[in-house]
Amino acid sequence: MADERYDQKVELEDFDQQDPEYKDLLSRILTIQADCEIGGPHLYVEDMIGGAPGRTNQLVVARTAAEEIDHFRKMAFMAGQIGTDVSHVLKWSNEKRYVEAFRTHIRTWEDFAVFGFLVDRVGKFQLDEFLGCSYQPLDRAVRTMLPEEEGHIDFGTTTSAELAAKGGEQKERMQNSVNYWYAKSLDMFGNSNSWRSGRFRYWGIKRRSNEQAREEYMAEVNPLIEKAGLQVPDPNEGRLYF
Amino acid sequence: MVDAAPNTYKLDEYLKDMIQAVYGACSTATAHMKDDQKTVDKALDDCEEVLDMVMEGHVDEWVS
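These remarks concern the structure in this document. (Residues numbered from 1 in each chain as written. Chains lettered and ligands numbered in written order. Predicted model: local features only at pLDDT ≥ 70, side-chain atom pairs only at ≥ 80, totals over all residues. Heavy atoms only, no water.)

**A word on the overall build of chain A**
Here is step 1: Check the secondary structure of chain A and you find 7 helices and 0 strands.
Here is step 2: Ordered by position from N to C terminus, the α and β elements of chain A give α-α-α-α-α-α-α.
Here is step 3: Scaling as 2.2 N^0.38, a compact globule of 242 residues should have a C-alpha radius of gyration of about 18 Å, and chain A matches this with 18 Å.
Here is step 4: Principal axes of the C-alpha set define a box for chain A whose edges measure 60 × 35 × 30 Å.
Here is step 5: Burial statistics for chain A: of 242 residues in total, 58% are counted as buried.
Here is step 6: In chain A, the share of contacts with a sequence separation of at least 24, taken over all contacts with a separation of at least 6, comes to 77%.
Here is step 7: Surface exposure of chain A reaches about 10,200 Å², of which carbon and sulfur atoms provide 46%.
Here is step 8: Counting 30 positive and 41 negative side-chain charges, chain A places the averaged centre of each group 1 Å from the other. (Helix = DSSP H or I, 4+ residues; strand = E, 2+ residues; numbered from the N terminus. Rg over C-alpha atoms; globule rule 2.2 N^0.38 Å. Buried < 20%, exposed > 50% of the residue type's maximum accessible area, 1.4 Å probe, protein only. Contact = heavy atoms within 4.5 Å. Areas by Shrake-Rupley, 256 points an atom, 1.4 Å probe, with all protein chains shown as cover. Lys, Arg positive; Asp, Glu negative; His and termini not counted. Charge placed at Lys NZ, Arg CZ, Asp CG, Glu CD.)

Okay, structure coming up:
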């Protein structure tokens, strides 16, 4: 019975006929996803548009922010269509964000790079969850969002490796940044024993358990951290959720 | 059919316009990166202005 899974393909016009738990979970996940999408720009727009080194990088920051706002727009639109207004999260202070990783500010280029390398990669894993999901508008939307998220990750990975390769104090700053964001990234997958995670899978909204997604993330990112000449942080250090 | 939340469509249209404005400014800046630094700086200022406006999130004003 544990593998039992809702196998319906739900369109917007079918939403009203769905089980209350399905409606509640879909509304919840769209709200959190919208919050995460707008949470990124709120971290770095203020300091990084002018603070990134050189005009080309400043443009990268602006374009990245616009793409994340577009992801927010798509999530907010889907939420709005099912009667859930998420527009209030647009102006939330960072401290109110649903996810711990977004309750801070990015003030250095190192942190901007590592955020793309590690946290945007979690974002890709989260969007990936919805590929082939039961709610068809969400399945279609993430297919347009994933290539942009890949672009943010590639930029973050390349820039992080370049900064680390400079060695000395620069490398030390990169290691500190990786140590900080690695813990936040692992926490973003949530509790391994989450009851709700099982319900998301039952209703065909997500594919993997929190634990499985986190393990797959670590298998992908750990070799990349080592390849950049940095140490993979202790996965238990600085964590809130296991 | 479930009722949409108020302003869902208006907010979507507004954000689309804002996002296109940033993309447009980025394209202008990219095109002039090697030959016109004033245009690049102006485009970056435009990006910052639009993004700041979105971050402020005054949705009621946008959809009124």
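**So, the side chain of A:Ser177**
Residue and element names in this part refer to chain A.
Here is step 1: Examined against the element boundaries, Ser-177 turns out to sit in helix H5 (residues 168-187).
Here is step 2: On the accessibility criterion, Ser-177 (4% relative accessible area) is buried.
Here is step 3: Among all residues touching Ser-177, those that are not within four sequence positions of it are Glu-110, Asp-111 and Val-114.

**Topic: the interface of chain B and chain A**
Here is step 1: If you look at the interface, chain B gives 32 residues, while chain A gives 33 residues.
Here is step 2: Taken as a group, B:Val2, B:Tyr23 and B:Met55 account for 22% of the area that chain B buries against chain A, more than any other trio of residues on that side.
Here is step 3: Across the contact surface, chain B and chain A share 2 salt bridges.
Here is step 4: At the boundary of chain B with chain A, the tally comes to 4 residue pairs in polar contact (both at pLDDT 80 or more).
Here is step 5: Secondary-structure elements contributing two or more residues to the side of chain B that touches chain A are helix H1 (8-31), helix H2 (37-56) and helix H3 (59-63) of chain B.
Here is step 6: Split by residue class, the side of chain B that touches chain A holds 21 nonpolar, 4 polar and 7 charged. (Buried area = accessible area lost by both parts, 1.4 Å probe. Salt bridge = Lys/Arg side-chain N within 4 Å of Asp/Glu carboxyl O. Polar contact = N/O pair within 3.5 Å; in protein donor to acceptor, adjacent residues only side chain to side chain. Nonpolar A, V, L, I, M, F, W, Y, C, P; charged D, E, K, R; others polar.)

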